[in-house]
Amino acid sequence: MSGMPVANILYVEDDPDIQTVAQIALEVVGGFTLTTCSSGLEALEAVKSGCQPDLLLLDVMMPNMDGPTTLAELRQLPATLATPVIFMTAKVQAGELAYYKSLGAIGVIAKPFDPMELSEQVRELWSQGH
C-alpha cells in the first residue's frame, strides 16, 4: 500500500454545514472521491454496501455513535479492518491526541479547519502514515 495515492475517502460528519464545506474542499479543491455519511451507523451501512475507502475521515463528537466507537465498529468489517483513519475534532490537547493515536489514527485535523488547506493536510498525514 506504500506510495499509493489516497483517492477514495469515507467521510463521517454529523454537522451539515461542516460536511458541505469539507466536501467542497476535498472534492473540488483536492480531487478526492468522497462517500459522505452523517453518522457512524450510516458509515457502517455504506461499507457493508460495498464502499471500500482508502481512508477514513471521522468526526470525533457525534450523537449516538462517536468517532472512536465508529472506528471500533468499522474495524469489525473486512473492508475497513486496516483502513488508515484521520480524526477531525476541536479537542486537540496533547492527551486527546495521544488517545486518538492509540486508537490507530495516522493523524488528527483540528476543527475549525481551513477549507483551502484541508486536502493538503489529508495528503500530508496520508504520506506520513504510509
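No experiment lies behind these values; they were computed from the predicted model shown. (Residues numbered from 1 in each chain as written. Predicted model: local features only at pLDDT ≥ 70, side-chain atom pairs only at ≥ 80, totals over all residues. Heavy atoms only, no water.)

J.: Can you help me understand the packing of helix H2 (residues 40-48) against helix H3 (residues 67-74) in this one?
T.: A pair of packed helices is characterised by two quantities: the angle between their axes and the separation of those axes. At a minimum axis separation of 9 Å, H2 and H3 run at an interaxial angle of 20 degrees. Here H2 is positioned roughly parallel relative to H3, judged by the angle of their axes. The handedness of the crossing between H2 and H3 is right-handed. Every residue of H3 that contacts H2 at Gly 40, Ala 43, Leu 44 and Val 47 is listed here: Thr 70, Glu 73 and Leu 74. (Axes fitted to C-alpha atoms, helices over the stretch in contact; angles between N-to-C directions. Helix = DSSP H or I, 4+ residues; strand = E, 2+ residues; numbered from the N terminus. Parallel < 35°, antiparallel > 145°, perpendicular 65-115°, else oblique. Left-handed = near helix turned anticlockwise from the far one by under 90°. Contact = heavy atoms within 4.5 Å.)

J.: Could you clarify how one ought to interpret the nonpolar core in this entry?
T.: Soluble, globular proteins show a tendency: their nonpolar side chains are buried together. Within the largest apolar cluster, 21 residues are counted, with the highest numbers of intra-cluster contacts made by Leu 10, Val 12, Leu 56, Leu 58, Leu 74 and Phe 87. Sorting elements by how many residues they give to this core places H2 first, with four residues. Counting residues in hydrophobic clusters, the runner-up holds 19 residues, among them Tyr 11, Ile 109, Phe 113 and Leu 125. (Core = buried A, V, L, I, M, F, W, Y, C linked by side-chain atoms within 4.5 Å. Buried < 20%, exposed > 50% of the residue type's maximum accessible area, 1.4 Å probe, protein only.)

J.: What is the right way to read the side chain of Ser 119 from this model?
T.: Structurally, the position occupied by Ser 119 is in helix H5 (residues 118-129). The exposure class of Ser 119 is buried, given its relative accessible area of 4%.

J.: I tried to follow the packing of aromatic side chains on my own but got confused; where do I start?
T.: For the structure on display, the rule yields two aromatic pairs. Both rings, one in Phe 87 and one in Tyr 100, keep their centres 5.3 Å apart while their planes meet at 40 degrees; by these two values the pair is tilted. Of this pair, Phe 87 sits in strand S4 (residues 85-89) while Tyr 100 is found in helix H4 (residues 94-102), placing the two residues 13 residues apart along the sequence. For Tyr 100, a relative accessible area of 3% corresponds to the buried category. Both rings, one in Tyr 99 and one in Tyr 100, keep their centres 5.7 Å apart while their planes meet at 55 degrees; by these two values the pair is tilted. (Phe/Tyr/Trp six-rings, centres within 6.5 Å; stacked < 30°, edge-to-face > 60°.)

J.: What should I look at first to understand the pattern of salt bridges in this one?
T.: Under the counting rule described, the total for this entry stands at two salt bridges. One salt bridge connects Lys 111 with Glu 13, and the closest N-O pair in it is separated by 2.7 Å. You can see Lys 111 sitting in the loop between strand S5 (105-110) and H5 and its partner Glu 13 sitting in the loop between strand S1 (8-12) and helix H1 (16-29), a full 98 residues away along the chain. Look at Lys 111 and you get buried, because its relative accessible area is 16%. Between Asp 59 and Lys 111 there is a salt bridge, with its nearest N and O atoms 2.8 Å apart. Taken together, the positions of Asp 59 in strand S3 (residues 55-59) and Lys 111 in the loop between S5 and H5 put the pair 52 residues apart, joining distant regions of the chain. (Salt bridge = Lys/Arg side-chain N within 4 Å of Asp/Glu carboxyl O.)

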